[in-house]
Structures are given as C-alpha cells and as structure tokens.
Amino acid sequence: MTTRIVELRRGILKKNDELAAGLRARFQAAGVLVLNLVSSPGTGKTAFLERTLRELRAQGKRAAALVGDLETDNDARRLAASGAPVRQINTHGICHLDAEMIAKHLDGWEGLSLDALDMLFIENVGNLVCPSSYDLGERIRVALLSVTEGEDKPLKYPGLFNSADAAVITKIDIAEPCGFDRELALKNIREIRPGMRVFETSAKTGAGMEAWLAYLAEQRRG
Amino acid sequence: MHELSIAASIVESVSEAAAAYPGARVKEVRLRVGALASVVEDALRFCWELATEETPLRGAALAIETLPVILHCEDCGAESAIETVQSFRCPRCGALAADLRQGREMEIASIELEEPEPSAAAPAST
C-alpha cells in the first residue's frame with residue numbers, strides 16, 4: 001500500500017457559500033436590502049420585527065419577511081398582521097437556516113417579486129451558535145440581545161456577535177426591574193465587535209425605533 | 001448542534017474528491033478550523049462517526065487544526081494572534097481591533113489516501 005496526500009483547501013460549507021453568493025447577487029440586482037436577524041429563543045425577535053414591519057409600512061416602504069422556526073407558523077401569522085408579505089420556513093429540527101432554504105422559499109413564494117421590495121428580513125431560528133456559520137446572502141447580520149438575558153451574552157457567544165454588523169438590545173422598557181447593567185452590556189459588545197452599531201429598543205413602547213429605522217433607510221440607500 | 005450538518009458536508013466533499021482515485025481508501029481527513037468558527041471539536045468528532053458510518057469513509061480519522069484569531073491593529077499596525085476570544089484587543093498596544101485576518105476558517109485542508117501498490121494490482125504470472 002502507498003500513501004498519497006491530496007490537497008483540497010476547500011471550504012467545508014462551500015455549497016452553502018456559493019448558493020449564498022448567488023442570492024447576494026440576486027438581492028443586489030433587485031435593489032433589496034436583506035437582513036438576517038439572529039438571537040437566542042425568547043429575545044423578542046418577532047415582536048421587534050413586527051414593530052419594524054409596521055413602522056416601515058407607515059413610512060410607505062415595502063418590506064417582507066421570511067421567518068424560520070423548527071415547527072409551527074405562529075410567528076408568520078403574528079408578523080402577517082403588520083400587512084407585510086410573510087413566509088414561514090419550518091426547519092423540522094434543524095437549528096439554523098441555510099442558503100438553500102432561503103432560495104427554495106423565495107422561489108416558491110407566490111406573488112412576491114424581489115424587484116418590488118425595499119427590504120427583506122430573515123428571522124433566523126432562535127439560536128446563538130449555529131446560524132453564525134451559515135451565510136444566507138444577507139447584507140446585514142443583526143445580533144439581538146434582550147435585557148433579561150445577562151450582559152455577558154456577547155462574551156459567551158463571540159462567534160455570532162463578532163460576525164454581526166449591528167446589535168439590537170430589546171425590551172429596554174423592563175431594563176430597570178431586570179437590573180440590566182447597560183454600560184456593561186455595551187462594553188461587552190464593544191470588546192467582541194469593536195465599532196459595531198448598537199440600537200437600544202423596546203417593541204412595546206417604540207423607544208429606539210426611530211434610530212433603527214433611520215439606520216435601515218441609510219443602509220438601503222448605501 | 002450543527003456539527004452533523006458540517007460532518008455531512010465534509011463527507012460529501014471528500015467522497016467527491018476521493019472518487020478520482022479508484023481503489024483508494026481515505027485514511028485521514030485534515031481540517032483547519034478557526035477559533036471563531038463556532039464548531040465544537042468533540043461534537044464534530046462524535047458526528048463524524050455517525051456521518052461516515054455506512055459510507056466508504058468509515059474508519060477515516062479526523063485531524064483538526066485549530067487556527068487562532070489574528071487581528072490587524074489599525075492603531076499600531078501589528079498583526080497578531082489573540083489568546084482568548086473574549087476581547088478583541090491588539091496584544092501589542094491594547095487598542096480595540098475589528099479587522100479580523102484569521103479565525104473564521106472552516107476548511108478541508110487535505111486528505112490522506114491509502115492506495116494499493118500498482119504492482120499488486122497486476123501480479124506477474126510465474
């Protein structure tokens with residue numbers, strides 16, 4: 001027997017990365033800003049997105065959402081109440097969305113034209129680990145963190161927070177009773193992803209939404 | 001736990017590459033994985049056994065090289081590896097550094113094949 005070494009130098013997720021690159025080109029050609037929202041379960045992604053979709057609609061912007069969950073279409077039904085086109089992706093046990101699921105659900109989305117959209121939000125499966133490896137073709141990855149979760153979340157999940165382009169702190173209306181240490185949370189985010197934009201929001205009161213919407217408008221133009 | 005998906009992707013890629021060498025057995029698969037790649041080595045090894053079972057890769061070893069995070073510092077210009085991923089500061093001057101030069105890799109570097117001797121394939125008749 002002889003031994004042979006074959007150099008491959010191939011990305012493990014090459015197939016996903018290639019698909020994602022194709023999606024990114026498609027989104028860019030259609031002029032649609034695509035965001036991938038990632039957080040733990042229970043951070044309030046859906047409530048935050050619901051408010052965002054509603055306010056965008058009031059501004060006359062055209063936004064749609066793809067929402068990933070292991071099971072149920074509860075979130076899609078909640079989001080659809082905003083009037084925006086929404087489609088559920090059920091992963092049936094898979095802990096993250098991948099580019100193939102996005103492509104498949106875009107293609108089979110009756111009545112949706114990317115060209116007619118300003119923004120597309122992808123709400124990932126609630127998980128702070130696995131989604132960080134999977135490029136979905138998004139332009140902006142948003143890491144969300146609620147005031148109920150502990151200020152050290154960014155330190156515990158550096159892979160995700162370092163890969164994000166913006167961070168959103170949710171539920172700030174209950175920061176005080178939760179004993180949330182704002183300065184410490186901001187410091188931890190900064191240590192993991194220096195210079196990242198941070199938005200402090202409440203989907204309930206609408207606090208911080210103005211700055212977030214201004215950021216979206218600026219990114220859409222840029 | 002996305003290590004099973006990762007293991008399955010590796011099996012697919014390696015099987016494709018090994019198909020160019022008929023008769024060869026894959027002895028080892030060598031990976032390069034960045035410290036920020038969110039891959040848990042123990043979980044991946046466990047899933048590797050599951051994913052290779054009932055495939056020609058069964059029994060192939062998995063060698064994982066972990067690559068440290070390397071930051072480029074815009075303040076002092078240094079490019080250096082950081083020891084933990086809890087703080088993205090330049091080890092030389094202490095400034096926060098956002099410019100990541102290494103640490104997210106998820107790569108199949110190479111595979112080691114065991115091939116039958118060419119002479120053994122065609123034994124000389126006596």
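Scroll up for the structure.
Residues numbered from 1 in each chain as written. Chains lettered and ligands numbered in written order. Predicted model: local features only at pLDDT ≥ 70, side-chain atom pairs only at ≥ 80, totals over all residues.

Caption draft 1: Looking closely at the overall build of chain A. Secondary structure summary: chain A contains eight helices and eight strands in total. For chain A, the C-alpha radius of gyration of 18 Å lies close to 17 Å, the compact-globule estimate for 222 residues. With the principal axes as the frame, chain A shows a C-alpha extent of 70 × 45 × 35 Å. Evaluated residue by residue, chain A yields a buried proportion of 47% over its 222 residues. (Helix = DSSP H or I, 4+ residues; strand = E, 2+ residues; numbered from the N terminus. Rg over C-alpha atoms; globule rule 2.2 N^0.38 Å. Buried ≥ 20, exposed ≤ 12 C-beta atoms within 10 Å, placed from the backbone.)

Caption draft 2: Up close: the overall build of chain B. For chain B, the count of helices and strands is three helices and six strands. For 126 residues, the compact-globule estimate of 2.2 N^0.38 gives 14 Å, and chain B exceeds it by more than 25% at 20 Å. Considering only C-alpha atoms, chain B reaches an extent of 75 × 30 × 20 Å along its principal axes. Out of the 126 residues in chain B, the part that is buried amounts to 31%. Considering only residue pairs separated by 6 or more positions, chain B has 70% of its internal contacts joining residues 24 or more positions apart. (Contact = placed C-beta atoms within 7 Å.)

Caption draft 3: Structural view of the sheet that holds strand β4 (residues 79-81) of chain B. Residue and element names in this part refer to chain B. Spatially, the three strands line up as an open sheet ordered β4-β3-β5, and their pairing is antiparallel. Each edge of the sheet is formed by a strand with only one pairing partner; in this case those strands are β4 and β5 (99-102). Across the sheet, the mean angle from the axis of one strand to that of its neighbour is 35°, orientation sign disregarded. (Pairing = 2+ DSSP bridges. Axes fitted to C-alpha atoms, helices over the stretch in contact; angles between N-to-C directions.)

Caption draft 4: Looking closely at the nonpolar core. Within the largest apolar cluster, 90 residues are counted, with the highest numbers of intra-cluster contacts made by Ala65(A), Met119(A), Leu120(A), Phe121(A), Ile122(A), Val142(A) and Ala143(A). Apart from residues no more than four positions distant in its own chain, Phe121(A) is found in contact with Leu35(A), Leu37(A), Leu49(A), Ala63(A) and Ala65(A). (Core = buried A, V, L, I, M, F, W, Y, C linked by C-beta atoms within 7 Å.)

Caption draft 5: Spatial organisation of the pairing of strand β7 (residues 166-170) of chain A. All names here are of chain A. Buried residues dominate β7, accounting for five of its five residues. Here β7 shows two buried faces, one formed by Ala166, Val168 and Thr170 and the other by Ala167 and Ile169. Pairing of strand β6 (residues 140-146) with β7 involves five bridges; the strand directions are parallel. Bridge pairing links Ala143 to Ala167 in β7. Note: β7 against strand β8 (residues 197-200), four bridges, orientation parallel. Across the sheet, Ala166 pairs through a bridge with Arg197, a residue of β8.

Caption draft 6: Quick look at the packing of helix α1 (residues 3-18) of chain B against helix α2 (residues 41-52) of chain B. All names here are of chain B. As a packed pair, α1 and α2 sit with axes 8 Å apart at the nearest point and diverge in direction by 50°. Taken together, the axes of α1 and α2 are oblique relative to one another. Where α1 crosses over α2, the two elements pack in a sense that is right-handed. Contact residues: Glu3, Leu4, Ile6, Ala7, Ala8 and Val11 in α1; Ala43, Leu44, Cys47, Trp48, Leu50, Ala51 and Thr52 in α2. Here the contact of α1 with α2 is composed, by residue class, of 11 nonpolar, one polar and one charged. (Parallel < 35°, antiparallel > 145°, perpendicular 65-115°, else oblique. Left-handed = near helix turned anticlockwise from the far one by under 90°. Nonpolar A, V, L, I, M, F, W, Y, C, P; charged D, E, K, R; others polar.)

Caption draft 7: Spotlight on the environment of Glu100(A). Mapping Glu100(A) onto the fold places it in helix α4 (residues 99-107). Given 15 C-beta atoms within 10 Å, Glu100(A) falls into the partly exposed group.

Caption draft 8: Seen up close, the sheet that holds strand β1 (residues 2-11) of chain A. Strand order in the open sheet formed by four strands is β1(A)-β6(B)-β1(B)-β2(B), and the pairing between neighbours is mixed. At either margin of the open sheet sits one strand with a lone partner, and together these are β1 of chain A together with β2 (61-67) of chain B. Averaged over all pairs of adjacent strands, the angle between strand axes in this sheet comes to 20°, irrespective of strand direction. The pairing of strand β1 (residues 25-34) of chain B with strand β6 (residues 106-115) of chain B spans eight bridges and is antiparallel. Each bridged residue has a counterpart across the sheet, and for Val29(B) the counterpart in β6(B) is Ile111(B). The strands touched by α1(B) within the sheet are β1 of chain A together with β1 and β6 of chain B, with β6(B) carrying the most contacts at an inclination of about 45°.

Caption draft 9: Fine view of helix α2 (residues 45-58) of chain A. Helix length check: α2(A) (14 residues) gives 20 Å between terminal C-alpha atoms against 20 Å at 1.5 Å per residue, within 8%. Gly60(A) lies just past α2(A) and shows a positive phi near 85°. (Expected span 1.5 Å × (residues − 1).)

Caption draft 10: Geometry of the interface of chain B and chain A. Contacts between chain B and chain A engage 29 residues on the former and 31 residues on the latter. Every element with two or more residues in the side of chain B that touches chain A is listed here: α1 and β6 of chain B. For the side of chain B that touches chain A, the element with the most residues is β6(B), which contributes 10 residues. Of the residues in the side of chain B that touches chain A, the class split is 17 nonpolar, seven polar and five charged. Sheet analysis places β1(A) next to β6(B), joined by eight bridges and oriented antiparallel. In the strand pairing of β6(B), Thr2(A) is matched with Glu115(B).

Caption draft 11: Quick peek at the packing of helix α1 (residues 14-30) of chain A against α4(A). All names here are of chain A. The N-to-C vectors of α1 and α4 enclose an angle of 40°; their axes lie 8 Å apart at closest approach. Regarding the angle of α1 to α4, the classification is oblique. On α4, the residues that touch Asn16, Leu19, Ala20 and Leu23 of α1 are Ala99, Glu100, Ile102 and Ala103.

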